[in-house]
Amino acid sequence: MERIRCLALDDEPLALDILANYIQKVPSLILVATCTEPMEALSLIQQGKVDLLFLDIQMPTLTGIQFLRVMNGKCKTILTTAYSEFALEGYEYDVADYLLKPISYERFLKAVQKALGQLTINEEQLSINNTESLDSFQKPDNQIVNTISQLDFIFVKTEYKIQKLNLLDILYIEGLKDYVSIYTTTERILSLQTMKKMEETLPSNRFVRVHKSYIISLEKIESIERQRITIGKSIIPVGDSFQKDFMRMIGEK
C-alpha cells in the first residue's frame, strides 16, 4: 500500500514531537522529516518528497502564510497554530484544514482524513477510512479511538474581523458570487469566500449542498415539499442536479 509522505514544520521541538508521534500511529502515513527551519522543509518539498505538510503559522524567520506563498501549492497542507484568528487566512491558499494547539489525536485524525480525501487517494488505500484500521489507532492514553470528533464551530472572515460561528446556529448559506451569506438563528453574516470552500469546511454529515447557490443545515429542516425546503421563514430550492443525492441522504428514494 502506497503511503502518504508527511513533513512537519514548526519552530517548537515539542510540537514536532507530538506531530511525529501522531503520524507514526497512522498506517497510511509515513514521516519524511520534522523541520524547524523553513528552507530545509522547502527544499524537501521542491524535490517532490512530500505529499502532506503540517505547517505552523507563527515562526520567527518565515510565517506559515509566507511559506505557503513561496511553496506555491506543491503539496497539500494542514496548518497548525495556537491562535485561531490566524488560521482562516490560510484557506485562501487551499489548505486542507487547520489544527488548533494543543492538538488532540482525534482532531488530528479528522484533519488527516480530510486531507487524504482532497488528495483523491483511492479509499481502499486509506486504512484511516475503514473500521478495522480505526480500531487499531491508539490515543495518547492508550484507549481505543472509535470515532473521529467533530468541531462544533467554524471561523469565518467578515469585512472587519474573523468571527466564530457555532454550527448549531447556522440555518443555511447562500452563495453570492465571491461572497457567501450565512444565515444564523440571530443574524446574517457576509463572508468573502466561495461556496466550494464553505462546503469543504462544514461537516458533511450535518450540512449538505442542495443547489448551486445553497448549503443547508440538515438539523434545521422543518419540511420538504416537492423541490422546496422550509427552514424557518425561508424556502430553499433543491436543484435538479442535487436532488437525487439529497433525497438519498435523508433516506428517501
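Values in this document were obtained by computation on a predicted structure and should not be read as measured data.

A. Just the sheet that holds strand 3 (residues 52-56), in detail. Ordered by their spatial adjacency, five strands build an open sheet running 2-1-3-4-5, and the pairing between neighbours is parallel. This sheet does not close on itself; its edge strands, each paired only once, are strand 2 (29-35) and strand 5 (97-100). Recorded for the sheet is a direction-independent mean angle of 20° between the axes of neighbouring strands. Relative to strand 5, strand 4 (residues 76-81) runs parallel, the two sharing four bridges. By the bridge assignment, Leu79 is partnered in strand 5 with Tyr98. This element, helix 1 (residues 13-25), spans strand 1 (4-9), strand 2, strand 3 and strand 4 of the sheet and lies at about 165° to strand 2. On the sheet, helix 3 (residues 64-71) packs against strand 1, strand 3 and strand 4 and is oriented at approximately 145° with respect to strand 3.

B. Representation of the pattern of salt bridges within the structure. On inspection of all chains with the given rule, the structure shows ten salt bridges. The salt bridge partner of Lys101 is Asp10, with a shortest N-O separation of 2.7 Å. Taken together, the positions of Lys101 in the loop between strand 5 and helix 4 (105-118) and Asp10 in the loop between strand 1 and helix 1 put the pair 91 residues apart, joining distant regions of the chain. For Glu200, the salt bridge identified is with Lys197, shortest N-O distance 3.6 Å.

C. Region of interest: the pairing of strand 12 (residues 214-217). Residues of strand 12 alternate between two faces, with Tyr214 and Ile216 on one and Ile215 and Ser217 on the opposite face, all of them buried. Bridge count for strand 8 (residues 170-176) against strand 12 is three bridges, and the pairing is antiparallel. Note on strand 12: the bridge partner recorded for Glu174 is Tyr214.

D. Just the nonpolar core, in detail. One finds Leu7, Leu9, Leu53, Leu55, Phe67 and Met71 to be the most contacted residues of the largest nonpolar core, which totals 24 residues. Of all the secondary structure elements, the ones that give two or more residues to this core are strand 1, strand 2, helix 2 (38-46), strand 3, helix 3 and strand 6 (153-157). When residues no more than four places from it in sequence are discounted, the contact partners of Leu7 are Ala33, Cys35, Ala41, Leu44, Val50, Leu52, Leu53 and Phe54. Counting residues in hydrophobic clusters, the runner-up holds 22 residues, among them Ala8, Ile78, Ala96 and Phe108.

E. Looking closely at the packing of aromatic side chains. Throughout the structure, instances matching the rule amount to six aromatic pairs. Aromatic side chains Phe54 and Phe108 sit 5.4 Å apart centroid to centroid with 20° between the ring planes, which places their arrangement in the stacked category. With Phe54 in strand 3 and Phe108 in helix 4, the pair connects residues that are 54 residues apart, well separated along the chain. Here Phe54 falls in the buried class, since its relative accessible area comes to 0%. Given a relative accessible area of 0%, Phe108 falls into the buried group. Judged by centre distance (4.5 Å) and plane angle (20°), the rings of Tyr172 and Tyr183 are stacked. Here Tyr183 lies in strand 9 (residues 179-184) and Tyr172 lies in strand 8, a separation of eleven residues in the sequence. Of the residues examined, Tyr172 reaches a relative accessible area of 7% and is grouped as buried. An aromatic cluster of three or more residues is present, and its members are Tyr22, Phe54, Tyr105 and Phe108. The aromatic ring of Phe153 is capped on one face by Lys164, whose charged end is 4.4 Å from the ring centroid.

F. Representation of the sheet that holds strand 9 in the model. One open sheet accounts for five strands, arranged 10-9-8-12-11; its pairing is antiparallel. The outermost strands of the open sheet, each flanked by one partner alone, are strand 10 (188-191) and strand 11 (207-211). This sheet shows a mean twist of 20° between the axes of neighbouring strands, independent of strand direction. Helix-sheet contacts for helix 7 (residues 240-249) involve strand 11 and strand 12, and the interaxial angle to strand 11 is about 145°.

G. Molecular detail of the environment of Ile189. Among the structural elements, Ile189 can be located in strand 10. A residue is classified by how much of its surface remains accessible, and Ile189, at 4% relative accessible area, is buried. Each residue touching Ile189, except ones within four places of it in the same chain, is listed here: Val156, Thr158, Gln163, Leu165, Val180, Ser181, Ile182 and Thr184.

The rules behind each value
- Residues numbered from 1 in each chain as written.
- Predicted model: local features only at pLDDT ≥ 70, side-chain atom pairs only at ≥ 80, totals over all residues.
- Heavy atoms only, no water.
- Pairing = 2+ DSSP bridges.
- Helix = DSSP H or I, 4+ residues; strand = E, 2+ residues; numbered from the N terminus.
- Axes fitted to C-alpha atoms, helices over the stretch in contact; angles between N-to-C directions.
- Contact = heavy atoms within 4.5 Å.
- Salt bridge = Lys/Arg side-chain N within 4 Å of Asp/Glu carboxyl O.
- Buried < 20%, exposed > 50% of the residue type's maximum accessible area, 1.4 Å probe, protein only.
- Core = buried A, V, L, I, M, F, W, Y, C linked by side-chain atoms within 4.5 Å.
- Phe/Tyr/Trp six-rings, centres within 6.5 Å; stacked < 30°, edge-to-face > 60°.
- Lys NZ or Arg CZ within 6 Å of the ring centre and 35° of its normal.

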